[in-house]
Amino acid sequence: MAIGVIIGILTNPVYTIPEIWDNFHNMHSSGTPIWSVMFITVACGAISGFHSTQSPVMARCLKSEKQGHFVFYGAMVAEGVIALVWAAAGCSLYEISGGLTTGLAEIYAQGQSVVIYDVCQKTMGGIGIALAMLGVVVCPVTSADTAFRSARLTVADWFKIDQTKWQNRLKICIPVLGAGTILGIGNTLGYINYTVIWRYFSWTNQTLAMIVLWTASMYLFREKKNYWLTAVPATFMSAVSMTYFFYAGECLNLGTTIAYPAGIILAVVFLAIFIRATKKPAPTAA
């Protein structure tokens, strides 16, 4: 779908992707901060803790550790490219006024599935409509399946519940799916705002990515490998996650004056703790 969308944009002279260098500034009319909200908004497209939770699951399916580079790193890069394609579609297919994608906002008010359908129809015609129908159905289903499976395995690990028997899997699946059902009903009845839930999900997603990156950095240090490959992005993601936690309205809502320096300072503190840990002698095997 992404390949078809970008080809449709590039081959149709009506659609023009805005040059990044001409728009490399905050175009929002009210000056809404980009840092670090943007990295939470494009959570899975930037870096994903949600996917990192699936690593142990997928690792059991790999024949060699070398395949991990293609499966995990490759998939993350591919998803980043897909995110860029859809961002390009939003910027080139719809009207932008006052720094805001007003055209996209209007159609998005009708639902996310309507946007996907419209983009695919404009860029690929009938084939796009078919792909949109598949995407609207398959993507949410597979994402939900992944989310609930991740939750089930996490709970199973916490409470050391063996998952080889289907009865044990049901003991966790039923309450987890029940919680999801309650949230869905609450959103339908207007008691719960899915938009706010998505923000919490996105923040926890990036926070989990931060934790996993620090964990991977220590693992690489123990294995005497180049741990800076993960320590640098871990520091960056620490700044992203902590800044958002201090700034966002659904979190502490402290404003940029406090959130910006607090997030940066905490990221530096985390890095200092990690560097201090690398200076200690590695534990010897018993």
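Please refer to the structure higher up on the page.
Residues numbered from 1 in each chain as written. Predicted model: local features only at pLDDT ≥ 70, side-chain atom pairs only at ≥ 80, totals over all residues. Heavy atoms only, no water.

**Some remarks on the overall build of the protein chain**
- Across its full length, the protein chain holds 13 helices and 0 strands.
- Mapped in sequence order, the helices and strands of the protein chain form the string α-α-α-α-α-α-α-α-α-α-α-α-α.
- With the C-alpha coordinates of the protein chain rotated into their principal frame, the extents come out at 70 × 50 × 40 Å.
- Looking at the protein chain residue by residue over its 286 residues, the buried ones come to 30%.
- Contacts in the protein chain between residues far apart in sequence, at least 24 positions, make up 61% of those at least 6 positions apart.
- Total accessible area on the protein chain is roughly 18000 Å²; 69% of this is exposed by carbon and sulfur atoms. (Helix = DSSP H or I, 4+ residues; strand = E, 2+ residues; numbered from the N terminus. Buried < 20%, exposed > 50% of the residue type's maximum accessible area, 1.4 Å probe, protein only. Contact = heavy atoms within 4.5 Å. Areas by Shrake-Rupley, 256 points an atom, 1.4 Å probe, with all protein chains shown as cover.)

**Describing the nonpolar core**
- Ranked by size, the top nonpolar core spans 16 residues in total, and within it Ile 40, Trp 214, Tyr 227, Met 237, Val 240, Tyr 244 and Phe 274 carry the most contacts.
- Broken down by element, this core gets its largest block of residues, 6 residues, from helix H11 (residues 194-222).
- Those residues within four positions of Ile 40 in sequence are excluded, and the remaining contacts are Arg 199, Ser 202, Trp 203, Gln 206, Val 240 and Tyr 244.
- By size, the runner-up hydrophobic cluster in this structure holds 15 residues, among which are Ala 2, Ile 9, Cys 120 and Ala 132. (Core = buried A, V, L, I, M, F, W, Y, C linked by side-chain atoms within 4.5 Å.)

**So, the packing of H11 against helix H13 (residues 256-279)**
- For the pair H11 and H13, the least separation of the axes is 11 Å and the interaxial angle reads 20 degrees. Taken together, the axis directions place H11 and H13 in an arrangement best described as roughly parallel. Crossing geometry of H11 relative to H13 is assigned as right-handed. When H11 is examined against H13, the residues Met 210, Trp 214, Ser 217, Met 218 and Phe 221 are found in contact with a partner set consisting of Phe 270, Leu 271, Phe 274, Ala 277 and Thr 278.
- Of the residues in the contact of H11 with H13, the class split is 8 nonpolar, 2 polar and no charged. (Axes fitted to C-alpha atoms, helices over the stretch in contact; angles between N-to-C directions. Parallel < 35°, antiparallel > 145°, perpendicular 65-115°, else oblique. Left-handed = near helix turned anticlockwise from the far one by under 90°. Nonpolar A, V, L, I, M, F, W, Y, C, P; charged D, E, K, R; others polar.)

**Observations regarding the pattern of salt bridges**
- Tallied over the entire structure, the rule returns 3 salt bridges.
- For Lys 122, the salt bridge is made with Asp 118, and the minimal N-O distance between the two is 3.2 Å. Of this pair, Lys 122 and Asp 118 both sit in helix H8 (residues 112-124), 4 residues apart, which is roughly one turn of that helix.
- Judged by its relative accessible area of 31%, Lys 122 falls in the partly exposed class.
- Asp 118 gets classed as buried once you look at its relative accessible area, which sits at 16%.
- A salt bridge links Arg 149 to Asp 145; its shortest N-O distance comes to 2.8 Å. Taken together, the residues Arg 149 and Asp 145, both in helix H9 (residues 126-159) and 4 residues apart, mark about one turn of the helix. (Salt bridge = Lys/Arg side-chain N within 4 Å of Asp/Glu carboxyl O.)

**What to know about unusual backbone geometry**
- In this structure, the amide linkage connecting Trp 35 to the following residue, Ser 36, adopts the cis form with an omega of -10 degrees.
- In this fold, Ser 36 is placed in the loop between helix H1 (2-11) and helix H2 (37-41).
- The phi dihedral of Lys 160 falls on the positive side, at around 55 degrees, and the residue is not glycine.
- Along the chain, Lys 160 falls in the loop between H9 and helix H10 (166-189).
- On the basis of relative accessible area, Lys 160 is assigned to the exposed category, the value being 72%.
- In the Ramachandran plot, Lys 224 falls in the positive-phi region, its phi being about 60 degrees despite a non-glycine side chain.
- Tracing the sequence through the fold places Lys 224 in the loop between H11 and helix H12 (228-247).
- With relative accessibility at 76%, the residue Lys 224 sits in the exposed group.

**Observations regarding H11**
- Look at H11: 41 Å from first C-alpha to last across 29 residues, which is about the 42 Å you get at 1.5 Å a residue.
- Regarding H11, the residues found buried are Ser 202, Trp 203, Asn 205, Gln 206, Thr 207, Ala 209, Met 210, Leu 213, Trp 214, Ser 217, Leu 220 and Phe 221.
- Just past H11, the residue Lys 224 takes up positive phi, approximately 60 degrees. (Expected span 1.5 Å × (residues − 1).)

**Observations concerning the packing of H1 against helix H6 (residues 67-93)**
- Close contact between H1 and H6 brings their axes to 10 Å; oriented N to C, the two are set at 35 degrees. Along this stretch, H1 crosses H6, giving a crossing that reads as left-handed. Of H6, the residues touching H1 (which contributes Ala 2, Val 5, Ile 6 and Ile 9) are Ile 82, Val 85, Trp 86, Ala 88, Ala 89, Ser 92 and Leu 93.
- Taken together, the residues of the contact of H1 with H6 break down into 10 nonpolar, 1 polar and no charged.

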